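This is what each chain is made of:
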Amino acid sequence: MNAVKTLSNDQIQHFRQHGFLIVENVYTPEECDELNAYAVDVVTGKVKLAPGNAYWWEPQAEQTGLVSQANPDPKYLFKIGHGMHTADPVFRYYAMHDRIADILTELVGPDIKCVQSMYIDKPKNMGIGQPYHQDSHYLKTNPDSLIAAWVACDDVDVENGGLHVVPGSQNDPIHPHEAPIDPAQRVHFQEVHSARERTEVPCNLKKGSAVFFPGRQLHRSGNNKSADRQRRAYVLHYVDAHSRWLNDPKARNPHLLVRGRQYPGCV
Ligand SMILES: O=C(O)CCC(=O)C(=O)O
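Residues numbered from 1 in each chain as written. Predicted model: local features only at pLDDT ≥ 70, side-chain atom pairs only at ≥ 80, totals over all residues.

I would appreciate a short explanation of the overall build of the protein in the present structure.
Helix and strand content of the protein: six helices and 13 strands. For the protein, the C-alpha atoms occupy an extent of roughly 50 × 45 × 35 Å along the three principal directions. Across the 267 residues that make up the protein, the buried fraction comes to 46%. For the protein, the share of sequence-separated contacts (at least 6 apart) that also reach a separation of at least 24 residues comes to 83%. (Helix = DSSP H or I, 4+ residues; strand = E, 2+ residues; numbered from the N terminus. Buried ≥ 20, exposed ≤ 12 C-beta atoms within 10 Å, placed from the backbone. Contact = placed C-beta atoms within 7 Å.)

I'm lost on the site of the ligand in this one. Help?
Around the ligand, the surrounding shell consists of M118, I120, Q130, D135, H219, S221, A233 and V235. Every element with two or more residues in the shell around the ligand is listed here: strand 4 (112-122), strand 10 (219-221) and strand 11 (231-240). Broken down by class, the residue content of the shell around the ligand amounts to four nonpolar, three polar and one charged. (Near = placed C-beta within 6 Å. Nonpolar A, V, L, I, M, F, W, Y, C, P; charged D, E, K, R; others polar.)

Looking at this model, I keep getting lost on the pairing of strand 6 (residues 147-152). Mind explaining?
Along any regular strand the residues' side chains alternate between the sheet's two faces. Strand 6 sits mainly inside the fold: six of its six residues count as buried. Residues I147, A149 and V151 line one face of strand 6 and the alternating positions A148, W150 and A152 line the opposite face, and both faces are buried. Pairing geometry for strand 6 and strand 9 (residues 210-214), over five bridges, is antiparallel. From the neighbouring strand, W150 faces strand 9, where its bridge partner is V211. (Pairing = 2+ DSSP bridges.)

Sorry, what's going on with the nonpolar core here?
In globular proteins that are soluble, nonpolar side chains generally tend to be buried together. The biggest cluster of nonpolar side chains holds 68 residues, and the ones touching the most others in it are V151, V211, F212 and Y238. Excluding its chain neighbours within four sequence positions, the residues that come into contact with Y238 are L104, V108, I112, K113, C114, V115, I147, A149 and V258. (Core = buried A, V, L, I, M, F, W, Y, C linked by C-beta atoms within 7 Å.)

Please clarify how helix 6 (residues 98-107) should be interpreted in this entry.
Because each turn of an α-helix spans 3.6 residues, side chains separated by three or four positions in sequence point in the same direction. When helix 6 is considered as a whole, its buried residues turn out to be I100, A101, I103, L104, T105 and L107. One or two steps after helix 6, the chain reaches G109, where phi turns positive at roughly 140°.

Mind showing me how you'd approach the sheet that holds strand 8 (residues 201-203) here?
Strands belonging to one sheet form pairs held by backbone hydrogen bonds; the direction of such a pair is parallel or antiparallel. Strand order in the open sheet made by the three strands is 8-7-10, with antiparallel pairing throughout. Because the sheet does not close on itself, it has two edges, and the strands there are strand 8 and strand 10. Geometrically, the sheet is characterised by an average inter-axis angle of 30° between neighbouring strands, direction not taken into account. Relative to strand 10, strand 7 (residues 163-165) is paired through three bridges, and the arrangement is antiparallel. The residue bridging V165 from the neighbouring strand is H219, located in strand 10. (Axes fitted to C-alpha atoms, helices over the stretch in contact; angles between N-to-C directions.)

Sorry, what's going on with the environment of K225 here?
Following the sequence through the fold, K225 ends up in the loop between strand 10 and strand 11. In this structure the C-alpha to C-alpha distance between K225 and C114, which are 111 residues apart in sequence, comes to 32 Å. With near-sequence residues (within four places) excluded, K225 lies in contact with N125 and E159.

Hey, could you run me through the environment of S209 in this one?
Tracing the backbone through its elements, the reader meets S209 in the loop between strand 8 and strand 9. On a C-alpha basis, the gap between S209 and P29 in space is 9.3 Å, while along the polypeptide they are 180 residues apart. Ignoring any residue separated from it by four or fewer positions in sequence, one finds S209 in contact with I22, V23, E24, N25, V26 and A152.

Structure, rendered in structure tokens:
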């Protein structure tokens, strides 16, 4: 499939200068509904996840007995991850979505691989935010070409646990990632403490819109403080297919070729 030019020069310039870009209408609302319904089917057992994938409940809901593997309840989902893009047909379709592939072609280049997929939910009035971190601390390639596509599957804002980024931090080194200051965030996350002193920008997104940002960009999500709004997102990580994979070699393949071609010895 040939790429379609979808970004203006101003958008590309914004991405290069500030390290993030919000693009509207990446998925349609109906596509978000399909993805959200599919995630419910996964956690209620109607659909079996491909081997190597799993899902987790919101820690507070699990700790207080509201949900368990024996008593599943999609209201309390925390995350489905991390490799659904390689095998599951629906999650794979949305990882290869033409709109995402067109945008990545302009931001990264013609040869693109998807290396990680996560469907992240923040239950209303409970979901715990993820503190400041850099994705390239976890997903390492040489050169570091990592880029995230964070697609909102609900209307997302500061109240229901939206994403915040630190403009300009895309050029930072990888910072130390330590135990989070907030104990409630320690079950799953690590934190770059120094990022708390930086100026951040909230990414308020309509359902189906996305924010793209490189692997070194400092970002965090807030707690979901809304009484009645869930916050779901499909969070995807891509790299330039020329990059070498510096993580666990067992996790090297299969990465998913989204556009273009692959290269020997690379991801
Ligand atoms: O969706 C969220 O709450 C945060 C996700 C995130 O920052 C990440 O996966 O790197």
